[in-house]
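What follows is the residue order along each chain.
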Amino acid sequence: MKTYPHSLFLFFLLFLFACHSDSKQQLAKTAKDTLIHDAQSTVPVKSLPADAKTIILRKEVPVLCYHQIRDWKASDSQRAHDDIIPPANFRDHMKMLADSGYHTILPDQLYDYLNYGTKLPSKPIMISFDDTDLDQYTVGASELKKHGFKGVFFIMTVSIGRPRYMSKAQIKELSDDGHVIASHTWNHKNFAQFTDQDWEIQIDKPTQTLEKITGKKVEYFAYPYGVFKAANLHKLKEHGFKAAFILSTPMDEANPIYTIRRIIDPGRYTAKNLYNSLQKSFNKKKIVTPVS
Ligand SMILES: [Zn+2]
């Protein structure tokens, strides 16, 4: 049979295309796998972190935020009843979480889940405390202990050792007990108003202070007032932070890992209110504009 040169050329082109699409499929598969195994060592190697869209589409893990845990005073404003939770209410809320089957997770677990799809325990929840208040150690940590829970303490370093705030020794004890110590700036300055100098004053120095106390790396940050500035989020990565936490405002779609949502558990809530709020706040159907 006579073979025409142009049919040979066509065959060659088809062959090239097949090889190319095959290697493309292979690449896509590798990128999609959350864990790939090194053929030589069989040690799992983490693939590249997920892109922003994938992270946003993952089911949100509830993250709670607490401030003061004490009984209300006559001088407290109505608004303060959100940020101040009476110890009896805090106790009820923790008991409800344990009785409902929630398991506390720490920021590294949340980070790995968001970036690599790593599996979490059933009904995961993160419990966080802001501002260094002493009652988070005396009441907060001891209530967590009753249920085998661990939490994250976002420390404002200027307050360490002051009356009504935690001491270095107490922060170290929390860290040694398996809680995570994280940064909440030096003196609670609004992140959106940071000057160039503030990256040293509000970020680098507090990190050094906390690392010296705990002997562990400080890799997580919570924005004072939950306020962030999208243009400066990349700087947190440059200054050694793996992720950062806001409050209940929408996350930044380009940088979801630096704008992880939390809700304040208001002091006036009953345990049932909190349960309902968790279902409502963190189980929304995500609507994300498809990327073409
Ligand atoms: Zn704060």
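Only a predicted model underlies this, so the values are computations on that prediction, with no experimental measurement involved. (Residues numbered from 1 in each chain as written. Predicted model: local features only at pLDDT ≥ 70, side-chain atom pairs only at ≥ 80, totals over all residues.)

Draft legend 1. Spatial organisation of the overall build of the protein. Looking only at helices and strands, the protein features ten helices and ten strands. Residues counted as buried form 32% of the 292 residues belonging to the protein. For the protein, restricting intrachain contacts to residue pairs at least 6 apart in sequence, the fraction spanning at least 24 positions comes to 62%. (Helix = DSSP H or I, 4+ residues; strand = E, 2+ residues; numbered from the N terminus. Buried ≥ 20, exposed ≤ 12 C-beta atoms within 10 Å, placed from the backbone. Contact = placed C-beta atoms within 7 Å.)

Draft legend 2. Here's a closer look at the packing of helix α4 (residues 87-99) against helix α10 (residues 271-282). Here α4 crosses α10 at 50 degrees, and the two axes come no closer than 9 Å. Our classification of the angle between α4 and α10 gives oblique. Here α4 runs over α10; the crossing is right-handed. Residues Asp-92, His-93 and Met-96 of α4 touch α10, and the partners they reach there are Ala-271, Leu-274 and Tyr-275. Residue composition of the contact of α4 with α10, grouped by class: four nonpolar, one polar and one charged. (Axes fitted to C-alpha atoms, helices over the stretch in contact; angles between N-to-C directions. Parallel < 35°, antiparallel > 145°, perpendicular 65-115°, else oblique. Left-handed = near helix turned anticlockwise from the far one by under 90°. Nonpolar A, V, L, I, M, F, W, Y, C, P; charged D, E, K, R; others polar.)

Draft legend 3. Here's a closer look at the packing of α4 against helix α6 (residues 135-146). Contact geometry for α4 and α6: axes closest at 10 Å, N-to-C directions at 25 degrees. Compared by their axis directions, α4 and α6 come out roughly parallel. Like other packed secondary-structure pairs, α4 and α6 cross with a definite hand, here right-handed. Taking contact as the criterion, the partners of Pro-87, Phe-90, Arg-91 and Met-94 in α4 are, on α6, Val-139, Glu-143 and Leu-144. Looking at the contact of α4 with α6 residue by residue, the class counts come to five nonpolar, no polar and two charged.

Draft legend 4. Structural detail: the confidence of the model for the protein. For the protein, the mean per-residue pLDDT works out to 87, and 81% of the residues sit at or above 70. Contacts for the low-pLDDT stretch residues 12-41, under 50 throughout, to residues beyond four places or in other chains number 18 contacts. Below pLDDT 50 for its whole length, residues 287-292 participates in four contacts with residues either more than four positions away or in separate chains. (pLDDT = per-residue confidence, 0-100.)

Draft legend 5. View of helix α5 (residues 107-116). Those residues of α5 that fall on the buried side of the exposure criterion are Pro-107, Leu-110, Tyr-113, Leu-114 and Asn-115. Elements in contact with the buried residues of α5: α2 (52-57), β5 (124-130), β6 (152-155), β7 (180-183), β8 (220-222) and β9 (243-245).

Draft legend 6. Spotlight on the nonpolar core. Ranked by internal contacts, the top residues of the largest apolar core, which has 53 residues, are Phe-153, Ile-181, Ala-182, Tyr-220 and Ala-244. Setting aside chain neighbours within four positions, we find Ala-182 in contact with Pro-107, Val-152, Phe-153, Phe-154, Val-218, Tyr-220, Phe-221 and Ala-222. (Core = buried A, V, L, I, M, F, W, Y, C linked by C-beta atoms within 7 Å.)

Draft legend 7. How the structure looks around the pairing of strand β3 (residues 63-66). The side-chain alternation of β3 yields two buried faces, one formed by Val-63 and Cys-65 and the other by Leu-64 and Tyr-66. In the sheet, β3 pairs with β5 via four bridges, with the strands oriented parallel. Within β5, the residue paired with Cys-65 across the bridge is Ser-128. Looking at chain direction, β3 and strand β10 (residues 263-264) are connected through two bridges and run parallel. Bridge pairing in β10 links Cys-65 to Ile-264. (Pairing = 2+ DSSP bridges.)

Draft legend 8. Just the pairing of β5, in detail. Burial analysis of β5 places five of its seven residues in the buried class, which makes it a mostly covered element. Crossover connection from strand β4 (residues 103-104) via α5 to parallel β5: handedness right-handed. When β5 meets β6, the two strands line up parallel, connected through three bridges. Among the inter-strand pairings, Ser-128 is bridged to a residue of β6, identified as Val-152. In this fold, β5 hands off to α6, which returns the chain to β6; that crossover is right-handed. (Right-handed = clockwise from strand over helix to strand, strands pointing away.)

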